[in-house]
Protein chains: 2
Amino acid sequence: MNSPVLQALEERRTTNLYDASHSIDDAQIHELVRLATKAPTSFNLQNWRFIAVRTPDAKARLRALAWDQAKVTDASVTFIVCGQLADHSVLPERLAPAVEAGFIPPALLAVLEGAAKGLYAGQPQLQHDEAIRSATFGASALMMAAQAMGWGSTPMIGFDGPAVAQAFGLADNEVPALLVAVGAALPENWPQKPRRPVEQVLELV
Amino acid sequence: MNSPVLQALEERRTTNLYDASHSIDDAQIHELVRLATKAPTSFNLQNWRFIAVRTPDAKARLRALAWDQAKVTDASVTFIVCGQLADHSVLPERLAPAVEAGFIPPALLAVLEGAAKGLYAGQPQLQHDEAIRSATFGASALMMAAQAMGWGSTPMIGFDGPAVAQAFGLADNEVPALLVAVGAALPENWPQKPRRPVEQVLELV
């Protein structure tokens, strides 16, 4: 039983108010993203990209496209978490290190690529769903890492997706799935919002 | 610095092989889902539902719709993690406990509901994306909780979504966003698959 992890899950809450004087350096941002990429992705596609918006100018540009929310600029860094449309053709490259490490047999690679092709090829909605799922798994791990480092975080969906994609140079295969602000939480933040009783959301079969 | 959390993120890996003789009781399933619902959702909509498939019969029915993957039946429980299409009209009920607790002012409730309406009403793709995001955040927290309790877990997307929705009685507003198997991992499982260098997935602006 790893109780610090359970405690972290128990206590996580969304930060609304940040200390605008706090900064997170690029090495810390790098470490947050490194841990975020430990999250799972379908077939280990790793179909994501993290844009760390941390200069005053870039944060102001993003805030203007995100309902003018103060946390976008008050947080130390706001990530644009992008999912990439699932594409089976990148799989050999993405799994090459696992093949080289010896635990994925080379012959299995073609089987996995074929399964991914069968799932996604010609299925734009499923490709898009996978972009959202992968980005959300990555964002979740990034937020857990931030919490463990003593910071607050905020997942945000209130922004103009197409405008953010254009302003920050997303590729045609990239979806800005959500924003995640990270920084020093002020003490005035709300407590965790109560949740529905488990009985309302759990069915046992 | 909460290093057990960072260590858990660092070490997480997907389980492929489960000890089919291991079982997880309903109280433990309840606790996994309770912790899963600590994950964030847009406006605290909590637009999710967790179907815990744990009887041999139900697991067999699910496996037949999920590429006949052995882990669906070998795991102690396989969750169908459902997202619900985002619907602003449920917000007053979902936020009522926070209003009663005194930290969300009643006047703010209408503002929040209006914002959610502006975001989702008449926007089926955004409603759907939110179902996927919420379910994935919940799945991520559930998997972290399972790991902390000593179990392995497997997020799965290889299944027939419409058939699962029909076989397990999902409502019209529910999307089977992914499956998550949880159980006792066998020692023969693969190690964590190597990830892309951070430089390939991080942009600093």
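Residue numbering note: each chain is counted from 1, following its sequence as written. Note on labels: chains are lettered from A, ligands numbered from 1, in written order. Restriction of local features to residues with pLDDT of at least 70 applies here, the model being predicted, together with a cutoff of 80 or more for giving and counting side-chain atom pairs; totals for whole chains, interfaces and linings are based on all residues.

Enquirer: Could you give me a rundown of the overall build of chain A, with the residues and numbers involved?
Expert: On a plain count of helices and strands, chain A comes out with nine helices and five strands. For helices the rule is a DSSP run of H or I covering at least 4 residues; for strands it is a run of E covering at least 2, with both sets numbered from the N terminus onward. Listing the helices and strands of chain A from first to last along the sequence gives α-α-β-α-α-β-α-α-α-β-α-β-α-β. Expressed as lengths along the three principal axes of its C-alpha atoms, the size of chain A is roughly 55 × 45 × 35 Å. Within chain A, contacts between residues separated by at least 24 positions form 80% of all contacts whose residues are at least 6 apart in sequence. Here, residue contact means that the backbone-derived C-beta atoms of the two residues sit within 7 Å.

Enquirer: How would you sum up the relation of the copies chain B and chain A? Please name residues and give values.
Expert: Mapping chain B onto chain A leaves a residual RMSD of 0.0 Å; the transformation is a rotation of 180° accompanied by 0.0 Å of translation along its axis. Put plainly, the chains are arranged around a two-fold axis. Every residue of chain B has its C-alpha some distance from the rotation axis, and the shortest such distance is that of V5 of chain B, at 2.6 Å. Copy-to-copy superposition: least squares on the C-alpha atoms, limited to residues that have pLDDT of at least 70 in both copies.

Enquirer: Help me get a handle on the environment of P191 of chain A, residues and values and all.
Expert: Relative to the helices and strands, P191 of chain A is located in the loop between β4 (174-183) and α9 (198-201). Placed 176 residues apart in sequence, P191 of chain A and T15 of chain A show a C-alpha to C-alpha distance of 9.2 Å. Discounting residues that sit within four places of it in the chain, P191 of chain A has contacts with R13 of chain A together with F103 of chain B.

Enquirer: Can you tell me about unusual backbone geometry, naming the residues and giving the values?
Expert: Located in the positive-phi region is N44 of chain A, a residue other than glycine, with phi close to 60°. Summarising the element assignment, N44 of chain A is placed in the loop between α2 (26-36) and β1 (48-53). Positive phi, close to 55°, is recorded for Q46 of chain B, a residue that is not glycine. Position of Q46 of chain B among the secondary structure elements: in the loop between α2 (26-36) and β1 (48-53).

Enquirer: Describe the sheet that holds β1 of chain B, listing the residues and the values that go with them.
Expert: Each pair of strands is called paired provided DSSP finds at least two bridges between the two strands. If you walk across this open sheet you meet the five strands as β5(A)-β1(B)-β2(B)-β4(B)-β3(B), and the pairing is mixed. The open sheet has two free edges, formed respectively by β5 (202-204) of chain A together with β3 (152-156) of chain B, since each of these has just one partner strand. Direction aside, the axes of adjacent strands within the sheet are offset by 20° on average. In this structure, β3 of chain B lies alongside strand β4 (residues 174-183) of chain B, joined through five bridges in antiparallel fashion. Looking at β4 of chain B, one finds that M156 of chain B is bridged to L179 of chain B. Axes, fitted as lines to C-alpha atoms, cover a helix only where it is in contact. Angles between the N-to-C directions of the axes lie from 0 to 180 degrees. Set on the sheet, α2 of chain B makes contact with β5 of chain A together with β1, β2 (77-84) and β4 of chain B; between it and β5 of chain A the angle comes to about 155°.

Enquirer: Quick one: what's the story with the sheet that holds strand β3 (residues 152-156) of chain A, residue by residue and with numbers?
Expert: What the five strands build is an open sheet, ordered β3(A)-β4(A)-β2(A)-β1(A)-β5(B); its pairing is mixed. Looking at which strands have only one partner, the edges of the open sheet turn out to be β3 of chain A together with β5 (202-204) of chain B. When the angles between neighbouring strand axes are averaged without regard to direction, this sheet yields 20°. Here α2 of chain A sits on the sheet in contact with β1, β2 (77-84) and β4 of chain A together with β5 of chain B, set at roughly 155° to β5 of chain B.

Enquirer: Run through the nonpolar core, naming residues and quoting values.
Expert: By definition, a nonpolar core groups buried Ala, Val, Leu, Ile, Met, Phe, Trp, Tyr and Cys residues that connect through C-beta atoms lying within 7 Å of each other. The exposure label follows from counting other C-beta atoms within 10 Å of a residue's C-beta, where the C-beta atoms are placed from the backbone and the thresholds are 20 or more for buried and 12 or fewer for exposed, leaving partly exposed in between. Residues V81 and L142 of chain A together with V81 and L142 of chain B are the most contacted members of the largest nonpolar core, which totals 122 residues. Look past the residues within four positions of V81 of chain B in its chain and what remains in contact with it is W48, F50, A135, G138, A139, A177, L178 and V180 of chain B.

Enquirer: Now, about the interface of chain B and chain A: what can you tell me, with residues and values included?
Expert: Between chain B and chain A, the contact holds 65 residues from the first and 65 residues from the second. Of all the elements in the fold, those that place two or more residues in the side of chain B that touches chain A are α1 (3-11), α2, β1, α5 (91-100), α7 (124-148) and β5 of chain B. By residue number, the principal contributor to the side of chain B that touches chain A is α7 of chain B, which donates 10 residues. Basically, the charged four are Asp, Glu, Lys and Arg, the nonpolar ten are Ala, Val, Leu, Ile, Met, Phe, Trp, Tyr, Cys and Pro, and anything else, Gly included, counts as polar. Taken together, the residues of the side of chain B that touches chain A sort by class into 40 nonpolar, 12 polar and 13 charged. The pairing of β5 of chain A with β1 of chain B spans three bridges and is classified as parallel. Looking across to β1 of chain B, one finds that L204 of chain A is bridged to A52 of chain B.

Enquirer: Help me get a handle on α7 of chain B, residues and values and all.
Expert: Counted at 1.5 Å a residue, the expected span for α7 of chain B with its 25 residues is 36 Å, and the 36 Å between its end C-alpha atoms agrees. Burial of α7 of chain B is extensive: 21 of the 25 residues sit out of reach of the surface. In a helix, the anticipated span is given by 1.5 Å times the number of residues less one.

Purely geometric stuff here, so don't read any function into it on its own.
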